[in-house]
Amino acid sequence: MLLPKLAIKNAQFTLTVVVLLVLVGIVSYFQMPRSEDPQFDMPITLIEVIYPGASPADIETLVITPLEEEFSDIENIKKIESQVKNGGARIEITFLYGTDSEATFNKVKQAVSSVKPSLPQGVHDLLVLKATPSSVAIMQLALWREPIDYKVMEFYAKQLEKRLEAINDVRKANIWGYPQQIVAIDVNLALLKHYGLSVTDVNATLQGRAVNITPGYVDASSRRFNVKASGNFVQLAELRETVIRSDDSFILRLKDVATIEFSGLEPNYLAYYDNKPVVFLTVEQRPDTNIFALTENIDNEIAKFTKSLPDNMNVDVLFKQADSVESRVNGFFDNLWQGLVLVGIMSLIFLGLRESLVVIAVIPLSFLVAIGWLDFIGFGLQQMSIVGLIIALGLLVDNAIVVTESIHREKKKVTNLSDAAASGTSKVGWAITSGTVTTMLAFLPMLMLASSTGDFVRSMPVTVVLVLLASLLIALTLTPLLASRFFAANTEKDSSKIKTLQHYVNIFAEQTYAKWLSRFINLRWIVIAIAVLCLVGMLSLFGKVGVSLFPKAEKPMIMLDVETPPNSSLAYTDRVMQKMTKIIEKNDLVEKVALNVGSANPRIYYNQIPKRGVATYGQVIVVLAEYDAVSVSSFVNQLREEFGQWQEAKITVSEFTQGPVTDLPISVRLMGESLSDLEQVANDLASMMANTKGIINIDNPIGIANTELLLDINYEKAGLSNIDINTLDTTLQTILSGTSVGQFNDDNGENYPIVVRRKNPDIDGLADINVTNRLGEAIPLNQFITTKLQKGRTEFYHYQKLRMAKVSADVDKNYTVSELTTNVIEYLDEYKMPNGVSYNLGGEEESRQENFSGLTQIMLVTAIGIFAVLVLQFKSFLQPIVIFTSIPFAMAGSVIGLYLTGQSFSMMAFIGLISLFGIVVNNAIILIDTTNRNLAESANLKEAIITASASRFTPILLTTLTTIGGLLPLTLFGGALWQPLGTVIISGLCVSAIASFLLVPVLTDVFTEDKKQNND
């Protein structure tokens, strides 16, 4: 290989290129985007429908079915899942992986827009949302006023919203958690009846007055004037003085039959923070920006805004993602520095001061070069890319160690240090190149993982590949250059100095190890038989290692989902959650508590999709002072035990989890057209789950009874009374929900709907309602309507347009998802299903099948790619097979590691296993490459193998130890997500290193038949 010689010969050019690449990396490090988690587009679009007062039956018929029919024309839809519930619905459309998420989002918006005019007028909100990580709030603020005034709070929240959206890196800001502010016209039904008026008369009068029509303009000679006629109301006094009826004897004004004031609509979402009603404001980050710089700009803007607020207005920060990112990034960089120190210490002990300095210099240089490339191709710094750096830490020094050790040996043969550096590097140049390529091949196929999980982890293999490429470039150019300048020129002169560990390990390898290896080669078949038995024994433990997908996110926050009994009012849900707060705040871990009544908290984590507009639902967000796994787990269990005994509500306590969006870990879909059959099967399944240890937080919406108030209209009596049914419906809607009749413009330029309604309607008030007939007579409602309670349709789902019941559950920390899912499958397979009812699995099982099936293909591609590179290098099929024997032992070692540490075989463990493919073959590559070189010098086969094994013993041992050292801090302190990955690689490396020392030389002797061949 000529590259090392050219690098030494053209030292100035080599240094210039390296310095240039390092400078680019330094600039990129300070400017590249930073975020907590990878930024990627998920092909999921959500439609949220809020339709107060509508039953699930009405929602299904009037909203879900028309929308699903319209979506049929959109291509590349993988699945449609619709949740049909009281007062609203949610439709989740998942597209095939690889579909343009922006284009599909726009198509869904167009489809919704085309259906919207035909939907009932009572639909309050119809939101189309993208489920992408970039739409996650990076900051959540709380604004409040004492005494409470939502109108003032809304005004200042909107002012702050506009100021924050003016910051360049802010994608958008949103306001949440308060009743929509309106101008309320609270009619007095008794007075209306007295004056012979109906609510429809009031509506008609105000609608005619509040329409904002621009008549046009008039010309006056050379001047033109815009004509202003009626338009929106701008003063409450003006609205109060509106004439409703008049004749020669009197004038009836609006103020005579109604109270007019600023108020709020009946709320469907209330927010509390620090035991006070608040308005939440969230801020989203624009993609490819730096979260730390953005947070600083937001903090500065909030500080300026706070100075302009009245004394009784307050702003506080509930959540700031930058704190979490800083903690996580700092934690990972701590792991990185700890690994770097361990690698440096081992290099120093083994190689001595000069050699170890050359080896350690490779680490920061390779990192900086790779960071420059990473920024260039569009990736930022987040947990996945940083973990890629940590994984690469132990790998990138391998090349430098092998090169340094080879130069060290070459110094004994060549007097000129530059020639020794060039010759030593050239001898192992192709071996480390093929070793690096095989390792890169192990990581590159992860880019083929066609799923959200693949997108989530993608920056990790890219980072590893770029770091390895940079380390190879530096090992073949800068390392020999530095060695030619800084290494001691003559090894003999160093004989009186303190010996490094390398010296003693070499003595051990050349004497003790070589002697025992000779005996093992003589007993080759016994050694092979013992190795096979050990391999089978270790792999047999795989069945005892659980399988999972992603662990907890280990964030200092927990969630409590609250579901009050069916037909509970928002006020009741509010009271229950206020009561919960008093218990939660008693724990010393708790720093902040936020309540969301009627809705989930705004989206502050990438795989959380908030639930909105449900009066019987609420969510508590608890921010903890710090995250300690033991303390938090104890706190969560304490809350589960406390709230598990409550009768007021079903309360689910959970932590945030890693990974893409999925259902609860155990999720079963029951499909069929008969809702009664689905309800029966779902209830039986939920009962079975409740009696199974380890299954917690069971969710069975269809099994929850629901009651409706039926207004049974006697159409014959209504007809005889000259009642117009449309007038009846309008009257009921106005009194119960309110009817918007126009807009009010205040002095600040804010618009408020003018809503005619009855204040605080209740069930007893139905008796006071009169409906005006065609003759203008007021007919009491109870003359032609009978009220009665009846069982309503329970909450259910549609899956691919079929009716569906879903039963979901979480899994306790001490149990595995796969084991409990198997129990559920066995129960369902034995259960006698009603005709037309079938089931399939969602949750982790579905996600794991999709992702692990892709990983199986990737393992095959990886193995073939590595084998092809080895065949190309060794011009042989047998020697690559010998090299591949390291892989099953690495797999067996990883199983042993997971079994001994009690960890499950997660997605990260699987990725660690794929990474091992390329890592473990490097030792065997170097060993066989050296054996072939010895054979080329006419040594006999056994002597060539023993000499090669002894000479490569030290670099193999050191590269293994440095890889383990680099990963050790991540494995011990990196959290539950990364522990399985580190355990798999470390334990796999340990076992495969033993195989490289003992089994690979024996197999090389068996499969290398002709000892005179140079390349076999």
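Residues numbered from 1 in each chain as written. Predicted model: local features only at pLDDT ≥ 70, side-chain atom pairs only at ≥ 80, totals over all residues. Heavy atoms only, no water.

As annotated in an unreviewed UniProt entry, the chain is Efflux RND transporter permease subunit from Colwellia hornerae.

**Some thoughts on the overall build of the chain**
Of regular secondary structure, the chain possesses 31 helices and 30 strands. The C-alpha extent of the chain, read off along each of the three principal axes, is 125 × 80 × 55 Å. When the 1016 residues of the chain are sorted by exposure, 57% land in the buried category. In the chain, of all internal contacts separated by at least 6 residues, the share reaching a separation of at least 24 is 81%. Considering the chain, the positive charge centre built from 82 side chains and the negative charge centre built from 102 side chains are found 7 Å apart. (Helix = DSSP H or I, 4+ residues; strand = E, 2+ residues; numbered from the N terminus. Buried < 20%, exposed > 50% of the residue type's maximum accessible area, 1.4 Å probe, protein only. Contact = heavy atoms within 4.5 Å. Lys, Arg positive; Asp, Glu negative; His and termini not counted. Charge placed at Lys NZ, Arg CZ, Asp CG, Glu CD.)

**As for the sheet that holds strand β24 (residues 751-757)**
The mixed open sheet is built from 4 strands, whose spatial order is β12-β7-β24-β23. Edge positions in the sheet fall to β12 (258-264) and β23 (739-745), since each of these pairs with one other strand and no more. Here the average twist between neighbouring strands, direction ignored, is 25°. Bridge count between strand β7 (residues 181-187) and β24: 4 bridges; the pairing is parallel. Looking at the pairing, A184 lines up with V755 of β24. The strands touched by helix α7 (residues 199-209) within the sheet are β7, β23 and β24, with β23 carrying the most contacts at an inclination of about 35°. (Pairing = 2+ DSSP bridges. Axes fitted to C-alpha atoms, helices over the stretch in contact; angles between N-to-C directions.)

**Things to note about the domain arrangement of the chain**
When cut into domains, the chain gives domain 1 (1-31 + 352-493), domain 2 (42-131), domain 3 (198-256 + 706-794) and domain 4 (499-544 + 855-1015). Computed from C-alpha atoms alone, the centre-to-centre distance between domain 1 and domain 2 is 52 Å. (Domains from an automatic or database assignment.)

**As for helix α20 (residues 570-584)**
A rise of 1.5 Å per residue sets the reference length of α20, with its 15 residues, at 21 Å; its end C-alpha atoms lie 21 Å apart and thus fit the reference within 8%. Buried residues along α20 sit in contact with β13 (270-273), β16 (557-563), β17 (590-597), β18 (617-624), α21 (629-643) and β19 (650-655). (Expected span 1.5 Å × (residues − 1).)

**Remarks on the packing of aromatic side chains**
Tallying each qualifying case throughout the model produces 16 aromatic pairs. A centroid spacing of 6.3 Å and a plane angle of 40° characterise the contact between W516 and F520, whose relative ring orientation is tilted. You can see W516 and its partner F520 sitting in helix α18 (residues 501-522), 4 residues apart, about one turn around the helix. Each ring, one from F867 and one from F884, has its centre 5.5 Å from the other, and the planes form 90°; the classification is edge-to-face. On the criterion of sequence distance, the pair formed by F867 in helix α26 (residues 843-874) and F884 in helix α27 (residues 878-884) is long-range, its members being 17 residues apart. Residue F884 is classed as buried on the basis of its relative accessible area of 19%. Its end group placed over the ring of W516, R519 keeps NZ or CZ at 4.7 Å from the ring centre. K806 extends its terminal NZ or CZ atom over the ring of Y797, reaching a point 5.0 Å from the ring centre. (Phe/Tyr/Trp six-rings, centres within 6.5 Å; stacked < 30°, edge-to-face > 60°. Lys NZ or Arg CZ within 6 Å of the ring centre and 35° of its normal.)

**Concerning a nonpolar patch on the surface**
Judged by side-chain polarity, V341, I345, I349, L501, Y504 and I507 come together as a nonpolar surface patch covering roughly 520 Å² of accessible area. Only α11 (321-351) and α18 provide two or more residues apiece to the nonpolar patch. With respect to the element layout, I507 can be found in helix α18. Accessibility expressed as a relative area gives 32% for I507, which makes it partly exposed. (Patch = residues over 30% accessible without salt bridge, like charges linked within 9 Å, V, L, I, M, F, W, Y side chains within 5 Å. Areas by Shrake-Rupley, 256 points an atom, 1.4 Å probe, with all protein chains shown as cover. Salt bridge = Lys/Arg side-chain N within 4 Å of Asp/Glu carboxyl O.)

**As for the pairing of strand β2 (residues 77-85)**
In summary, the side chains of a regular strand alternate between the two faces of the sheet. Of all 9 residues in β2, 7 are buried, a share of seventy percent or more. As defined by bridge partners, β2 adjoins strand β3 (residues 88-95) across 8 bridges and the pair is classed as antiparallel. Considered in β3, the bridge of Q83 is made with R90. Remark: 2 residues form the turn of the hairpin made by β2 and β3, two consecutive strands paired antiparallel; G87 in that turn has positive phi of roughly 75°. Of the strand pairs in this sheet, β2 and strand β28 (residues 796-799) are connected by 4 bridges, and their pairing is antiparallel. Counted as the bridge partner of E81 is Y799 from β28.

**Regarding the nonpolar core**
Core analysis: the biggest nonpolar cluster contains 229 residues, and L560, M580 and I584 have the highest contact counts within it. Per element, the largest residue contribution to this core is 18 residues, and it comes from helix α29 (residues 907-936). The residues touching M580, leaving out its near neighbours within four places in the chain, are L560, V562, V620, F643, W646 and I651. In terms of nonpolar packing, the next biggest core, distinct from the first, is built from 51 residues, F95, L678, V681 and I702 among them. (Core = buried A, V, L, I, M, F, W, Y, C linked by side-chain atoms within 4.5 Å.)

**Some words on the packing of helix α30 (residues 941-973) against helix α31 (residues 979-1007)**
In the contact formed by α30 and α31, the axes pass within 10 Å of each other and the chain directions differ by 175°. Taken together, the axes of α30 and α31 lie roughly antiparallel to each other. The residue inventory of the contact of α30 with α31, partitioned by class, reads 16 nonpolar, 8 polar and 1 charged. (Parallel < 35°, antiparallel > 145°, perpendicular 65-115°, else oblique. Nonpolar A, V, L, I, M, F, W, Y, C, P; charged D, E, K, R; others polar.)

**Notes on the environment of L127**
By secondary structure assignment, the location of L127 is in strand β4 (residues 125-130). Residues L127 and T500 lie 373 residues apart in sequence; the distance between their C-alpha atoms is 69 Å. Once residues lying within four places of it in the same chain are set aside, the contact partners of L127 are L46, I47 and E48.

**Observations concerning the pattern of salt bridges**
Summed over all chains, the structure comprises 26 salt bridges. Across the salt bridge formed by K79 and E846, the nearest N and O atoms sit 3.7 Å from each other. Linking K79 in strand β2 with E846 in helix α26, this pair joins segments that are 767 residues apart in sequence. Comparing K79 with E846 shows no difference in burial state: the two are buried. One salt bridge in this structure joins E301 and R163, with 2.9 Å as the shortest N-O distance. Here R163 lies in helix α5 (residues 150-165) and E301 lies in helix α10 (residues 291-307), a separation of 138 residues in the sequence. Note on R163: relative accessible area 31%, which makes it partly exposed. Within this structure, K79, E81, R669, K806 and E846 form a network of salt bridges that share partners.

**Quick word on the environment of P610**
Position of P610 relative to the elements: it lies in the loop between β17 and β18. As a C-alpha pair, P610 and E591 span 19 residues in sequence and 23 Å in three-dimensional space. Look past the residues within four positions of P610 in its chain and what remains in contact with it is E48, R90, A600, N601, P602 and R603.

**Comments concerning the side chain of T959**
Note that T959 resides in helix α30. With a relative accessible area of 5%, T959 lands in the buried category. A polar contact of 2.8 Å, which involves the side chain of T959, links it to the backbone oxygen of P955. (Polar contact = N/O pair within 3.5 Å; in protein donor to acceptor, adjacent residues only side chain to side chain.)

**Quick word on the packing of helix α16 (residues 459-476) against helix α17 (residues 478-486)**
Between α16 and α17, the least distance of the axes is 3 Å, while the angle of their chain directions is 35°. Mapping the contact onto sequence places L473, I474, A475 and L476 in α16 and L478, T479 and P480 in α17. Grouping the amino acids of the contact of α16 with α17 by side-chain chemistry returns 6 nonpolar, 1 polar and no charged.

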